[in-house]
Amino acid sequence: MVSNPKDKESAADVCPGGRSELSLEGLRRNFREHLFYTQGRFPRGATKNDLYMALAYTVRDQLLHRWIKSVEQMGRAGLRIVSYLSAEFLLGPHLENNLISLGIYDEFRKTCDVEGFDIQAIFDQEDEPGLGNGGLGRLAACYLDSLATLEIRAMGYGIRYEFGIFDQEIRDGWQVERTDEWLHNGNPWELARPEITFQVGFGGRTEPYEDEHGRYRVRWLPHRIVKGVAYDTPILGYRVNTCNLLRLWKAEAVESFELEDFNVGDYYGAVEQKVASENITKVLYPNDEPLQGKQLRLEQQYFFVSCSLQDMLRIHRIFGGELKHFAEHFVIQLNDTHPAIGVAELMRLLIDENGMDWEPAWEITRSAFAYTNHTLLPEALEKWPIDLFAGLFPRHMEIIFELNRRFLDEVRTRFPGEGERPARMSLIDEHGERYVRMAHLACVGSHAINGVAELHSRLLKETVLRDFYEMMPEKFSNKTNGVTPRRFMVLSNPGLSQLINGKIGDAWVVKPEDLRQLEKFADDASFREEWHRVKLANKQNLARLILERTGIEVDPSSLFDIQVKRIHEYKRQHLNVLHIIALYNRIKKDPSIDLCPRTFIFGGKAAPGYFMAKRIIKLVNCVGDVVNHDPDVAGRLKVVFFPDFNVKNAKLIYPACDLSEQISTAGKEASGTGNMKFSMNGALTIGTLDGANVEIREEVGAENFFLFGLTAEEVASLHRNGYHPLEVYRTNAELQEVVERISSGHFSNGDPELFRPVVDSLLFHDTFMLFADFGPYLEAQRQVDAAYRDPERWTRMSILNTARMGKFSSDRAIREYCRDIWKVKPVPVTLD
Ligand code: F58
C-alpha cells in the first residue's frame, strides 16, 4: 500500500467500490476495469490511446476521491475561497504530474519497467491542453498547483476553448499555424457538469422600472442569451489530500423555448443562433498582446466572468451565506485585465438581480476583487471602444459611467486644482475615439493591485499606474512570480531531482529553501562530476528529440545556448541572432579561431498576424541553414529552431540548458518565468536587468550570472533624449559586418529583400535598442565562452544556481498572496 502521509485510514475503507485504493494492485485492477468498461476493450485489442485513457481514468478516480473529501470539508474553519479568474490556463499534460502528486510515480514507473510495459509511450500519447499563450497562462497553472499543495481552498475559473493555442509547424523556415485539436481523442481529466449552467446576455437595451417598494430599478433586456456549461478538472496538491477544481466554461445555445422568448424566431434562425453561441468558446486568440475591437474576444471575457460570478453566488447560497457577506467568503483574483469586466458584472448581479443598493454593492465588489498587472507596455493595456462595449453590454456601460462619475468626484476632491488628472485617471479614454480602460476599471474596483516582479511593481507605480498609486498607495504591492518545482524539476528533471534527494532528502520539493544545503557540495569534485553527468544525459535526450523533430544533429558536449519563449521584438531573439552571425563572421575571417562549440536553440510561437516576429523565425532558420552546412564552421556552431514549443516539450528543454537567454530590453519584460525554470535546472543566465532577472541575480549571486546592457532608467532616458541607432552602427565595425551579412542576402540565397524589414527597422528605429546593447552583449558572451571552457567552474556555478533559486517556487508567491491579499489559511483535508 502506498499511503499518503496524511491518510489515517486506508482509502479503500472509505470508497466501497475499491476504486480509491492506492496500491499498485488496486490501480492495476481499476485500470483493467476502465479498459473494459469505459473504453470497451480487451487488453489485446487496445490501442495506445485506449491504454492512456484507461490509465488516466484510473488516476482520475484517485483525484475525485480527494476532491469529494475536499468539498465535504469545505465549510471547515469558515468558508473562504480564492477564485482565480483567468482567460488562460496553460496546464500541460496531467498524467505524470498527477502520479507525482499522489506520491506513486517512481513505484509505478518501476513496476511498468519490470513488466516490460512501455509507459513512456502511454505518457507521450497525452495531448496538451494548450489553453494559453505563454507566461500569463502558465503562471495561472503554476498557481493552481501551489494553491492545492498549500491546502488552500480555491477554484480556477476560465474558458474551455475547443481549440487552444495553434500548433506550430516550420515549413521552409516559415511558421505555419495548424489548429490545435486537443479534444479529438477525448479528455479524460474533465467532468462535464450539465447541471451547472448559467445564462449570459449580450446586447439589447436597458429599461427603468419601479419595484414593489417603489424603488427605482433597472432591468437589462438582452438581445441574445448564451448558456455556459461547467467542465471541471480536478487539481490535486503535491502529497496532500486537497483537491481543488479548475472550472472552465463552454458556450452552448439556450434551449429552444428560450429562443422563442427572446424572439429569435424560426428553426433556421435558431440553428444559426446555436452556431453563433457556440462560437464564443471555439478558439483561443493567439495574440500575446491585446486586440482592440475584436468583438468575440470581449464576448469571451464577459461570458466566462459572468458564469463564474453567478457560480460563486450559487455556492455562497448553498453554504447558507447572506449576500452581504459575499466578500468574506470569496476573494477574486483578476489575472490581468481580461476578467476586469467582472467589476461591473458583480455590481449588476448585486443591484439588478438581487435588489441591493449601490453603496453596499460597491463595498462588496471592491473588497472581493484584487488585480494583478502583467505588462508595462502602454500599447498592451487593454481598452475597448465605447460603441462596441455599450452595444454588447448596455447595462454595464451605465454602471461604469456611474462608477466613473463617483470616482472622478473623489479624484477632484483629493487633488483639487489638478485639472488634467481626472482625464488621465478616468475609466473612459476621451482622447479621440472613446474607450473603456480596463486597467483603470480593475484598479478602481479592487482592494489590492500588484505587479509580478520588484522592478515591474516599482515601474508600475512610477509610470502606467502612477496616478492610482498616488491616490491609493495602500492598495499596491509586489508579488514576484514563481513556478512550480513539481512540474519543472521533479517531473522534468528526474535525474537532477534524484541526485539532489540523495544528498539533502526530498523536502525541498515543498521547502525549496532546503536547496541551499547544496551549496556546500559545489566544492565537492565527485558531486560536480555527478551533476555534470546528469546535465549531459539531459542534453543527450534533447539532442535525440531535436534530431527527430528537425533532422539536425547536435553535439551534446557543446554549450547548449537556449532561448525559448514567445517571439517578440522586445524579447530580442534577433539580438541573439546578431551574436550568432558575429561568431560566424569571426570563424569565416579566421577559420582556426578558438571558440567554444555552441548549439543555439530557439523555440516559440509568433502571433499569426505579427509580421516582424514571423520574419525573425525565418531569419533564425535561414541563418541555421547556412551555418549548419558551412564546412568552416563544422563542429563549432549549430543553430536549431525547435518547432512547436509548448509545456509538453519544454520538459526536455529546460533541464538540458547550459545558458539561458533572458535578453529583453530593460523595463519591458514584466517578470519572465522561463528565466526561473532554466536557472532552477542549473542553467546559467545571460541577461539584462529586467523583470525577475534582477531578483534571480540577487539570489544566485552576481558572479554566477552574466549581466549586460542598459538599465530600465537608461533605456527611458535614451528614449527621452533621442536614440539614434545609426550612430551606434557607424561606430561599431563588427555590428556593421553582421548587418551587412544579412542585408547582402547571404542567408537568403542572395535575396536582399527578405530580411530588409528586419534590418531597416533596426537601422532606422530600433525601438528595442538592440544596437545599443550589442557591444555589451557580445562582451558578456565572451565571458560565457571563457567560463564554459572551465567545466569545474561552470558546474560549480550551475550547482549554485539551483541551490539558490528556492525563492522562485510558486509556493512562496502563493503564500504571499494568501497572507497579504487573500487573507486565507490552509485547511488540511483528511480522507477518513
Ligand atoms: C506575461 N504576459 C509577461 N501575457 O509578459 C511576463 O513577463 C510574465 O512573466 C508573465 O506574464 C506572468 O506574469 C503574458 O504572457 C499574455 O500572454 C496575454 C495574453 C492575452 C492577450 C494579452 C497578453
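Residues numbered from 1 in each chain as written. Predicted model: local features only at pLDDT ≥ 70, side-chain atom pairs only at ≥ 80, totals over all residues. Heavy atoms only, no water.

Draft legend 1. How the structure looks around the overall build of the protein chain. When helices and strands are tallied, the protein chain shows 34 helices and 24 strands. Whereas a compact globule of 832 residues would reach a radius of gyration of roughly 28 Å, the protein chain reaches 27 Å, a difference of no more than 12%. Dimensions of the protein chain along its principal axes, counting C-alpha atoms only, are 90 × 70 × 55 Å. Within the protein chain, the fraction of its 832 residues that count as buried is 62%. Within the protein chain, contacts between residues separated by at least 24 positions form 77% of all contacts whose residues are at least 6 apart in sequence. (Helix = DSSP H or I, 4+ residues; strand = E, 2+ residues; numbered from the N terminus. Rg over C-alpha atoms; globule rule 2.2 N^0.38 Å. Buried < 20%, exposed > 50% of the residue type's maximum accessible area, 1.4 Å probe, protein only. Contact = heavy atoms within 4.5 Å.)

Draft legend 2. View of the packing of aromatic side chains. Under the definition given, this model contains 27 aromatic pairs. Between Tyr84 and Tyr143, the ring centres sit 6.2 Å apart and the planes meet at 85 degrees, which makes this aromatic pair edge-to-face. Remark: Tyr143 occurs in helix 7 (residues 135-149) and Tyr84 occurs in strand 1 (residues 81-85); sequence separation between them is 59 residues. On the basis of relative accessible area, Tyr143 is assigned to the buried category, the value being 1%. Between the aromatic rings of Tyr584 and Phe747, the centroid separation amounts to 5.9 Å while the plane-to-plane angle is 55 degrees, which identifies the pairing as tilted. (Phe/Tyr/Trp six-rings, centres within 6.5 Å; stacked < 30°, edge-to-face > 60°.)

Draft legend 3. Layout of the site of the ligand. Taken together, the neighbourhood of the ligand is formed by 20 residues, with Leu136, His374, Asn481, Glu669 and Gly672 sitting nearest. A distance of 2.9 Å separates an oxygen atom of the ligand from a polar atom in the backbone of Leu136. Here an oxygen atom of the ligand and a side-chain polar atom of Asn481 are 2.8 Å apart. When isolated, the ligand has an accessible area of 520 Å², and the protein chains bury 89% of it. Each residue belonging to the shell around the ligand can be placed in one class, and the counts come to six nonpolar, nine polar and five charged. (Near = heavy atom within 4 Å. Polar contact = N/O pair within 3.5 Å; in protein donor to acceptor, adjacent residues only side chain to side chain. Areas by Shrake-Rupley, 256 points an atom, 1.4 Å probe, with all protein chains shown as cover. Nonpolar A, V, L, I, M, F, W, Y, C, P; charged D, E, K, R; others polar.)

Draft legend 4. Layout of the packing of helix 23 (residues 573-589) against helix 24 (residues 611-629). The contact between helix 23 and helix 24 brings their axes to 10 Å, and the two run at 20 degrees. Considering their axes alone, helix 23 and helix 24 lie roughly parallel with respect to each other. Handedness of the helix 23/helix 24 crossing: left-handed. Here helix 23 contributes Gln573, His574, Val577, Ile580, Ile581 and Tyr584 to the contact with helix 24, which in turn contributes Ile616, Leu619, Val620, Val623, Val626 and Val627. (Axes fitted to C-alpha atoms, helices over the stretch in contact; angles between N-to-C directions. Parallel < 35°, antiparallel > 145°, perpendicular 65-115°, else oblique. Left-handed = near helix turned anticlockwise from the far one by under 90°.)

Draft legend 5. Fine view of the sheet that holds strand 21 (residues 637-642). A sheet is described by the order of its strands in space; here six strands give the open sequence 21-20-19-22-23-24, paired in parallel fashion. Looking at which strands have only one partner, the edges of the open sheet turn out to be strand 21 and strand 24 (706-707). By the bridge criterion, six bridges tie strand 20 (residues 598-603) to strand 21 in an arrangement that is parallel. By the bridge assignment, Arg598 is partnered in strand 21 with Leu637. (Pairing = 2+ DSSP bridges.)

Draft legend 6. Inspection of the side chain of Glu96 at higher detail. With respect to the secondary-structure elements, Glu96 resides in helix 4 (residues 95-102). Note on Glu96: relative accessible area 10%, which makes it buried. Ignoring sequence-local partners within four residues, the contact set of Glu96 consists of Tyr105, Arg109, Phe123, Leu491 and Lys651.

Draft legend 7. Examining a nonpolar patch on the surface more closely. On the surface, a nonpolar cluster with roughly 470 Å² of combined accessible area is contributed by Tyr267, Tyr268, Val271 and Val275. Along the chain, Tyr268 falls in helix 9 (residues 267-279). On the basis of relative accessible area, Tyr268 is assigned to the exposed category, the value being 61%. (Patch = residues over 30% accessible without salt bridge, like charges linked within 9 Å, V, L, I, M, F, W, Y side chains within 5 Å. Salt bridge = Lys/Arg side-chain N within 4 Å of Asp/Glu carboxyl O.)

Draft legend 8. Representation of the packing of helix 23 against helix 30 (residues 733-743). Between helix 23 and helix 30, the shortest axis-to-axis distance is 9 Å and the interhelical angle comes to 95 degrees. The orientation of helix 23 relative to helix 30 falls into the category roughly perpendicular. Contacts between helix 23 and helix 30 involve Leu578, Ile581, Ala582, Tyr584, Asn585, Arg586, Lys588 and Lys589 from the former and Glu734, Leu735, Glu737, Val738, Arg741 and Ile742 from the latter. Its residues placed into classes, the contact of helix 23 with helix 30 shows seven nonpolar, one polar and six charged.

Draft legend 9. Broad picture of the sheet that holds strand 15 (residues 428-429). Read across the sheet, three strands follow the order 14-16-15 without closing on themselves; strand pairing throughout is antiparallel. Of all the strands in the sheet, the pair left with one neighbour each is strand 14 (383-385) and strand 15. Relative to strand 16 (residues 435-437), strand 15 runs antiparallel, the two being bridged by two bridges. When the sheet's bridge partners are listed, Asp429 is paired in strand 16 with Tyr435.

Draft legend 10. Expanded view of the nonpolar core. One finds Phe303, Phe389, Leu518, Phe771 and Trp822 to be the most contacted residues of the largest nonpolar core, which totals 272 residues. Ranked by residues supplied to this core, first place goes to helix 3 (residues 48-72) with eleven residues. Those residues within four positions of Trp822 in sequence are excluded, and the remaining contacts are Arg80, Val82, Tyr84, Leu147, Val331, Gln333, Ile814 and Tyr817. (Core = buried A, V, L, I, M, F, W, Y, C linked by side-chain atoms within 4.5 Å.)

Draft legend 11. Structural detail: helix 23. In this model, helix 23 (17 residues) spans 25 Å end to end at C-alpha, consistent with the 24 Å of a helix rising 1.5 Å per residue. Buried residues dominate helix 23, accounting for 15 of its 17 residues. (Expected span 1.5 Å × (residues − 1).)

Draft legend 12. Structural context of the pairing of strand 9 (residues 216-221). Two elements, strand 8 (residues 205-210) and strand 9, share six bridges in a ladder whose sense is antiparallel. Bridging across to strand 9, Glu207 finds its partner in Arg219. Here strand 8 folds back onto strand 9, and the loop between the two strands holds five residues, one of which, Gly214, carries a positive phi near 75 degrees.

Draft legend 13. Region of the structure containing the pairing of strand 1. Along strand 1, five of the five residues are buried, which leaves the element largely enclosed by surrounding structure. Burial along strand 1 is two-sided: the residues Ile81, Ser83 and Leu85 and Val82 and Tyr84 are all buried. One ladder, built from five bridges, connects strand 1 with strand 12 (residues 330-335); its direction is parallel. Across the sheet, Ile81 pairs through a bridge with Phe330, a residue of strand 12. Bridge count for strand 1 against strand 4 (residues 154-159) is four bridges, and the pairing is parallel. Paired with Ser83 across the two strands is Met155, which belongs to strand 4.

Draft legend 14. Inspection of the confidence of the model for the protein chain at higher detail. Summing up the model confidence of the protein chain, the mean pLDDT is 95 and the portion of residues at 70 or higher is 96%. Across residues 1-14 the pLDDT falls below 50, and counting only partners more than four positions away or on other chains, this stretch makes 29 contacts in the model. (pLDDT = per-residue confidence, 0-100.)

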